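Listed here are the chains, written in short residue letters.
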Amino acid sequence: MTSSILHNNPKLTLEDINAPVRWCCVDCGKNTAPGCPTRQQIFDAYQTGQKRLDAVLDTNSEVYTVRPAIWKKARMEPFGGCLCIGCLEKRLGRQLKPKDFDQYHLLNGLPGTPLLIQRRGKGSMGDWRLLDLTALAAT
Ligand SMILES: [Zn+2]
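Residues numbered from 1 in each chain as written. Predicted model: local features only at pLDDT ≥ 70, side-chain atom pairs only at ≥ 80, totals over all residues.

With that settled, the discussion passes to the overall build of the protein chain. A count of helices and strands for the protein chain gives four helices and two strands. For the protein chain, the α and β elements follow one another from N to C terminus as β-α-β-α-α-α. Buried residues in the protein chain amount to 24% of all 139 residues. The contacts of the protein chain with a sequence gap of at least 6 include a subset with a gap of at least 24, amounting to 66%. (Helix = DSSP H or I, 4+ residues; strand = E, 2+ residues; numbered from the N terminus. Buried ≥ 20, exposed ≤ 12 C-beta atoms within 10 Å, placed from the backbone. Contact = placed C-beta atoms within 7 Å.)

Shown next, in the form of structure tokens:
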């Protein structure tokens, strides 16, 4: 389980939150982050003065980012929704390779499904303890 500490930001708008509207794959409907709050849920937590918001990232999660060229080849717009690994590979017509992922991006160090971990070529499964939602808010 991971927890997030919500910082007070009275000027925050829904559009400021850099989290998906829905975590479900736009092609097959699979929830790619069953334990993670959506943009609206994060916003609502801010609005209601909630001090903490729990998120779970585990072996059921497929939270990642690929290089912009890969996302574009899959006919996806930036922030155009989520794709599970299987559907992303179907769109690309090939298996993902480690070089398709930005190895230095925060999201690519998260726990994930065995398929995601295998495609990334590496993965940290245990060091992720705190998800700071302010890092997800656009500056
Ligand atoms: Zn899918």
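This part takes up the environment of R22. By the secondary structure assignment, R22 is in the loop between β1 (2-5) and α1 (39-47). For R22, a count of 15 C-beta atoms within 10 Å translates into the label partly exposed. The spacing of R22 and C36 is 14 residues in sequence and 9.9 Å in space, taken between C-alpha atoms.

Before going further, it helps to examine unusual backbone geometry. For R75, which is not a glycine, the phi torsion comes out positive at approximately 60 degrees. Within the secondary structure layout, R75 lies in the loop between α2 (68-73) and α3 (85-92). Despite not being glycine, F79 shows a phi value in the positive range, around 55 degrees. By the secondary structure assignment, F79 is in the loop between α2 and α3. The exposure class assigned to F79 is exposed, which follows from the 12 C-beta atoms found within 10 Å.

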